[in-house]
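# Residue-level structure breakdown
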There are 2 protein chains.
Amino acid sequence: MSPPKPTNVMAIDPHGLFDSRPNFSHVASSAAGSRVVMTAGQVGADDKGVAPRDTVEQIQLAFYNLRRCLESFGASVTDIVKLVFYIVDYDHTRRQHTTPLQSFLQGHRPATTLVPVPKLAKPEFKFEVEAYVSLPQQPLQEVDVVVVGAGLSGLKAAYDIQQSGHTCAVVEARDRVGGKTWSSDRTDAGKFVDLGAAWINDTNQSEIFRLVQTLGLETVEQNTTGSVIQEDTDGTISQFQYGGLPQRLVEANGVANVTMLRDRAEEVCQTLDIRSPAQAGSHLDNLTFEDWVRSVTGSSESAMASARIWTRVMLGLEPHEMSALFFLNYCKSGGGLIQTRSDQKEGGQYLRLVKGTQSISIGLASLLQPGTITLNSPVRSIEQTQSAVHVTSTRRQYICKRVVVSVPTPLYKEITFTPQLPADKVELSQRNKLGYNNKVIVRYSSPWWRNYGLSGMLQSFAGPVCVTRDTSIERLGQFSLSCFCVGDWGRQLSKLSQEKRFETVITHIEKTLGSVSAGKVPLPVGIEEHEWQLDQWAQGCPCPASSPGATVRLERALRSTHGKVHFVGTETAYEWKGYMDGAVRSGARGADEVVTALNAAKL
Amino acid sequence: MSPPKPTNVMAIDPHGLFDSRPNFSHVASSAAGSRVVMTAGQVGADDKGVAPRDTVEQIQLAFYNLRRCLESFGASVTDIVKLVFYIVDYDHTRRQHTTPLQSFLQGHRPATTLVPVPKLAKPEFKFEVEAYVSLPQQPLQEVDVVVVGAGLSGLKAAYDIQQSGHTCAVVEARDRVGGKTWSSDRTDAGKFVDLGAAWINDTNQSEIFRLVQTLGLETVEQNTTGSVIQEDTDGTISQFQYGGLPQRLVEANGVANVTMLRDRAEEVCQTLDIRSPAQAGSHLDNLTFEDWVRSVTGSSESAMASARIWTRVMLGLEPHEMSALFFLNYCKSGGGLIQTRSDQKEGGQYLRLVKGTQSISIGLASLLQPGTITLNSPVRSIEQTQSAVHVTSTRRQYICKRVVVSVPTPLYKEITFTPQLPADKVELSQRNKLGYNNKVIVRYSSPWWRNYGLSGMLQSFAGPVCVTRDTSIERLGQFSLSCFCVGDWGRQLSKLSQEKRFETVITHIEKTLGSVSAGKVPLPVGIEEHEWQLDQWAQGCPCPASSPGATVRLERALRSTHGKVHFVGTETAYEWKGYMDGAVRSGARGADEVVTALNAAKL
């Protein structure tokens, strides 16, 4: 966890009152003129309202829920002025809430009240906590354009707009720029790992690569030397050379079915026009990708297992959760199934950034005029009037001429649009589905798998990890395996505690990649993850998929403007949807639209 | 108690709701743009966390604690928007909290909620109250200098700075000017008594006396006509003429020992250089004043009793609580032990102000430009940046070039300095100790003691009152004895309820001064006090003392600047430390520093 930020809350221990350290202050205040945020009482219940039986688990979950409330306003624990606890069966000799509380507060000491109560709203609830939070307000800004979101697409749009001579502000919900480019360096030794987007290509991802070159960022090739470990549906382990296919599968004709599926998918991909996918592919939008796979390979479990790996790793979803047209067009946007999935020369996973992909976002942000970006300030309303557009974020208001919204379509619901979004955009936003994507990144002191001739890639038909990749940066001594916990298997893992989930992943590595080393898998030196679906500013990763019917009817709504509001984001790109290249291209497209409109208005 | 101030809280009784008078309003709001202050739930526990057994006492104590929380932000009860009560064993037929509540609120009616609870954080707690408070914000001020504290030193600094042509604002935590000059007139008949500083001298306290003359304030001589009552260690009462020494003491050689101690202390005082006390006196900083007294008078109890009277009355502390060098230099700053302690022509207690010493502060404040002073606004942070100094008080922010801090060194902890104070100043602030000093002032309809040839002075070796003085203003018909409840005896009295403490003091007067009147001591017509140590903006009175070692190492840190922040206050004076004259001198010194720096910056 990062150290607490300097607080805007004034917390005081008045002379002559008893010592309230370390749990609270006797009195605290919001900053002058701040927005005061108040939460409902947060209980220890999950997203279905179900509470764990264990009281301490409930308390931890209540604080977790409270943190989400804070995040929804771009607030952090140091912004808390006051907490009130309601505790059932309170026992002053066994204050179960203090340890989770201290871990939550990280040294911050708001005013608090503890209220023992006979019961709470439901009999199973044992603990409830509510917060009063101070959110200081920054001065109103008047600019030509406000960009909502400081991910790659938003930053690119802002850069191009500023280059065109117009004023532009960027407002971001998170405490950092980069969106789904997020590079973690827990070691503080510069050994970044990418919790989100990780790969680029230098030949066919021209936009992102140009940016990387402009910023002078160092890249390394993805390691594909050595064997891939194949785990079959029954758990059988085999090996094949990277770039090939499994030699043998437990299913009779399994290899042939897998090959047929791949080739057929590639062939259909190539018939599609990314600028008008429904033209050649409208029939593919009547069925799910799962249906389509069955239509090609019948009941082949191996083929379906392959298809699952594709949709899971690429979108965090199952084949039945998207239309066939959506998936095949998604692949086509990266040049086709094979190119998109490849880790080699022309492939989508060819190069990585030595300092992580967030360094691209940080670099791009540094090219903006100073003071352009406001962090920790989720946009909650966009109101268009005759004369202007009013953008309200939790820490700042804006008056502008145009807005560029760069958030994923399913997150449009987080913003109140006035006038409302048109029906097709609302439907798009409701029907587009974000997947479960979590790379559990296991750090080692050395790339031990290479000693056994392995590339570090696992492809599993048995789970729970779907795919692993070697994501080391040799020059920096950063050695890691990124373990894709995705789709249904990822969702199952997500139900475990983090400790259990990490254990499960490591056990799976030992069972598969470790099978070649006679039980000599070294202990990890670090392990981290980010469950993008739980992240309220992503709600999934890398981008949403469309269910049957939506691509034909709604594909054009992806990029349509709403009055003076424009929409970008990697899912709106024609090329390399879901990739950083697509994000940058979409940002450029949005900036083009805005600058054209602003220049036209001047005439 | 003073009448409630006009409220900034908007409290409403909506039409059609039941009558909520006199206890609460159905709805209330903070002022627009105000700082919202929230307290922790306040229980009826003392500064050690101990709660009285009696529930009503607990309730009263909880409201007392709540008041301290309000005061720590410069807020008052009329600023309360909302109160929540949590009550154990709540009985609606016997609402024990309403009387203390009404006495606390003084007619103000915030919104309230009453929550009966099965228990509170500790089993002994029966009542808890939390408040939500609105603190209106005044506009940011940009001035050359901000002075923190409107006591005499701060007011003098501000006056000199404004006279030099620079702009200067004063920001004060209390609801009044004057700091430890505080003159009470409960009768509203102009019969002021001084709860704090009371005496000046017209010959050697040139700075304060010049100010008194400038302001045209009337003075009276301290009455020293008549006998002093001496109460010996065993309670024996005797008399001696004012200016002399006890004729006989129960200890063999007691009088000789007392005389020797006085003469030796005076002699050593005179060897010290107030501008560099460590030069001649560094060896005196290795021991406490108690140790030094023993080194002079061995085991003489009378001598030690004398020494105790000195340190208690002069600093509210015991002889073992300060270094010998500190005490002797403190005396030297007033010209020596004898002069400092004298109530006659050249002495420290020669003259009083007819309208009380606060009239000096009020007069000085009236010479400042209108709007200079912001009251009820404790400064909580002073941040120095490259370009400016930012001062944050609870009701106003300032941007300035220089700051003058006039609070006592132990109160530096109440302000967050950025950058932090240097180590020597922090140590000074932590090691300097404020004493317990409470003058219980007993008003009579006539100066009855004079009828018996008494001066009104008591000097007690037995306690609990240490010294009394006649503090009457004859012309106004104000007749009073100021009874010094100081040092350890004062701390003991402080543990009693105010009622018991007053009873104890009156009993002691009857036993000592009253011993001459054959039981005919009249009933007081009034009695009041101020426990300066409990006052969060004083934390003791008149000024802090240093423990051994601190004077040699840290004396210079008293007056050192911290970047653009300057420090004044009576304890930083060379002459008349702890006296009003010292305060004024230190203010002039601080103003000099600031004006010199500002003028240099202009060149």
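Since the structure is predicted, the reported quantities are computational estimates derived from the model, not experimental observations. (Residues numbered from 1 in each chain as written. Chains lettered and ligands numbered in written order. Predicted model: local features only at pLDDT ≥ 70, side-chain atom pairs only at ≥ 80, totals over all residues. Heavy atoms only, no water.)

Here the focus is unusual backbone geometry. Cis geometry marks the peptide bond from A:Cys541 to A:Pro542, where omega comes out at 0°. Looking at the secondary structure, you find A:Pro542 in the loop between β27 (526–528) and α15 (550–554). The omega angle of the peptide bond from B:Arg21 to B:Pro22 is 0°, so this bond is cis rather than trans. Despite not being glycine, A:Asp89 has its phi angle at roughly 55°, a positive value. Mapped onto the elements, A:Asp89 comes out in the loop between β5 (80–88) and α2 (98–105). Here A:Asp89 falls in the exposed class, since its relative accessible area comes to 59%. Even without being glycine, A:Asn376 reaches a positive phi, approximately 55°. Relative to the elements of secondary structure, A:Asn376 occurs in the loop between β17 (373–374) and β18 (379–384). For A:Asn376, a relative accessible area of 16% corresponds to the buried category. (Helix = DSSP H or I, 4+ residues; strand = E, 2+ residues; numbered from the N terminus. Buried < 20%, exposed > 50% of the residue type's maximum accessible area, 1.4 Å probe, protein only.)

A word on helix α3 (residues 152–163) of chain A. Residue and element names in this part refer to chain A. Taking 1.5 Å per residue, 12 residues should reach 16 Å; α3 reaches 16 Å between its end C-alpha atoms and fits that length. A large share of α3 lies buried, amounting to 9 of its 12 residues. Buried within α3 we find Leu 152, Ser 153, Gly 154, Leu 155, Lys 156, Ala 157, Ala 158, Ile 161 and Gln 162. Note on α3: the residue one or two positions beyond its end, Gly 165, has a positive phi of about 100°. (Expected span 1.5 Å × (residues − 1).)

Turning next to the packing of aromatic side chains. In total, this model carries 35 aromatic pairs over all chains according to the counting rule given. Their ring planes at 50° and their centres at 5.6 Å tell us that A:Phe63 and A:Phe127 sit as a pair that is tilted. With A:Phe63 in helix α1 (residues 55–71) and A:Phe127 in strand β7 (residues 127–135), this pair connects stretches of sequence that are 64 residues apart. The exposure class assigned to A:Phe127 is buried, which follows from its relative accessible area of 1%. Taking the centre distance of 6.3 Å and the plane angle of 80° together, the rings of B:Trp182 and B:Trp532 count as edge-to-face. Placement of the pair is B:Trp182 in the loop between β10 (168–171) and β11 (183–184) and B:Trp532 in the loop between β27 (526–528) and α15 (550–554), with a sequence separation of 350 residues. Under the relative-accessibility criterion, B:Trp532 is labelled buried at 1%. Cluster of aromatic residues (ring-pair linked, three or more members): A:Phe63, A:Phe85, A:Phe104 and A:Phe127. (Phe/Tyr/Trp six-rings, centres within 6.5 Å; stacked < 30°, edge-to-face > 60°.)

This part takes up the interface of chain A and chain B. Across the boundary between the two partners, chain A contributes 35 residues, which contact 42 residues of chain B. Interface area, chain A with chain B, both sides summed: about 2800 Å², of which 64% is carbon and sulfur. Its largest share of buried area at the contact with chain B, chain A owes to A:Met10, A:His15 and A:Phe18, together 23% of the area lost on that side. Across the chain A-chain B interface, the total number found is 1 salt bridge. (Contact = heavy atoms within 4.5 Å. Buried area = accessible area lost by both parts, 1.4 Å probe. Salt bridge = Lys/Arg side-chain N within 4 Å of Asp/Glu carboxyl O.)

Residues and elements named next belong to chain A. As summarised here, the arrangement of the 5 strands in space is β8-β20-β19-β18-β22, forming an open sheet in which the pairing is mixed. Sheet topology places β8 (141–142) and β22 (416–418) at the edges, where each strand pairs with a single neighbour. As paired strands, strand β19 (residues 389–393) and strand β20 (residues 397–400) are joined by 4 bridges and run antiparallel to one another. Opposite Val 389, over in β20, you have Cys 400 as the bridge partner. (Pairing = 2+ DSSP bridges.)

Right, let's get into the side chain of B:Arg380. The residue B:Arg380 is located in strand β18 (residues 379–384) in this model. With relative accessibility at 4%, the residue B:Arg380 sits in the buried group. Polar contacts involving the side chain of B:Arg380 include one to the main-chain carbonyl oxygen of B:Ser72, which spans 2.8 Å. Each residue touching B:Arg380, except ones within four places of it in the same chain, is listed here: A:Met10, A:Ile12, B:Ser72, B:Thr392, B:Ser393, B:Thr394, B:Glu414, B:Ile415, B:Thr416 and B:Trp537. (Polar contact = N/O pair within 3.5 Å; in protein donor to acceptor, adjacent residues only side chain to side chain.)

Right, let's get into the sheet that holds strand β19 (residues 389–393) of chain B. Residues and elements named next belong to chain B. Strand order in the open sheet formed by 5 strands is β8-β20-β19-β18-β22, and the pairing between neighbours is mixed. Of all the strands in the sheet, the pair left with one neighbour each is β8 (141–142) and β22 (416–418). Pairing of β18 with β22, which is carried by 3 bridges, proceeds in the parallel orientation. Within β22, the position partnered with Ser 381 by the bridge is Thr 416.

Residues and elements named next belong to chain A. Interaxial distance between helix α4 (residues 206–214) and helix α16 (residues 580–602) falls to 7 Å at its minimum, and their mutual angle equals 90°. The pairing of α4 with α16 is recorded here as roughly perpendicular in orientation. Between α4 and α16, the residues in contact are Ser 206, Glu 207, Ile 208 and Leu 211 and Met 580, Asp 581, Val 584 and Arg 585, respectively. A breakdown of the residues in the contact of α4 with α16 according to their chemical character gives 4 nonpolar, 1 polar and 3 charged. (Axes fitted to C-alpha atoms, helices over the stretch in contact; angles between N-to-C directions. Parallel < 35°, antiparallel > 145°, perpendicular 65-115°, else oblique. Nonpolar A, V, L, I, M, F, W, Y, C, P; charged D, E, K, R; others polar.)

Residue and element names in this part refer to chain A. UniProt's feature table lists "binding site: substrate" (unreviewed entry) at Phe 484, given in the numbering used throughout. For Phe 484, the position within the fold is in strand β26 (residues 479–486). When its relative accessible area of 5% is taken as the criterion, Phe 484 is described as buried. When neighbours within four sequence positions are excluded, Phe 484 is seen to be in contact with Trp 199, Val 313, Asn 437, Asn 438, Lys 439, Val 465, Cys 466, Val 467 and Arg 469. (UniProt positions renumbered as here; feature names shortened; annotations may be inferred.)

This part covers the relation of the copies chain A and chain B. With an RMSD of 0.2 Å, chain A superimposes on chain B once it is rotated by 125° and translated 0.0 Å along the axis. Taken together, the rotation and translation relating the two chain copies correspond to the operation of a three-fold axis. Considering only C-alpha atoms, the residue of chain A closest to the rotation axis is A:Gly33, which sits at 2.6 Å. The two copies present different faces, since only 17% of the interface residues in chain A are matched by interface residues at the equivalent positions in chain B. (Least-squares fit on C-alpha atoms with pLDDT ≥ 70 in both.)

Another point: the UniProt feature "binding site: FAD" (unreviewed entry) in chain A. Residue and element names in this part refer to chain A. Look at the UniProt record and you will see "binding site: FAD" (unreviewed entry) annotated at Ser 153, Glu 172, Ala 173, Val 379 and Glu 571. You can see Ala 173 is positioned in the loop between β10 (168–171) and β11 (183–184). Relative accessible area serves as the criterion here: at 14%, Ala 173 is assigned to the buried category. Excluding its chain neighbours within four sequence positions, the residues that come into contact with Ala 173 are Gly 74, Asn 376, Ser 377, Pro 378 and Trp 537. Within the element layout of this structure, Glu 571 appears in the loop between β28 (565–567) and α16. Take Glu 571: its relative accessible area is 8%, and that puts it in the buried class. One polar contact links Glu 571 to Thr 409, side chain to side chain, over a distance of 2.6 Å.

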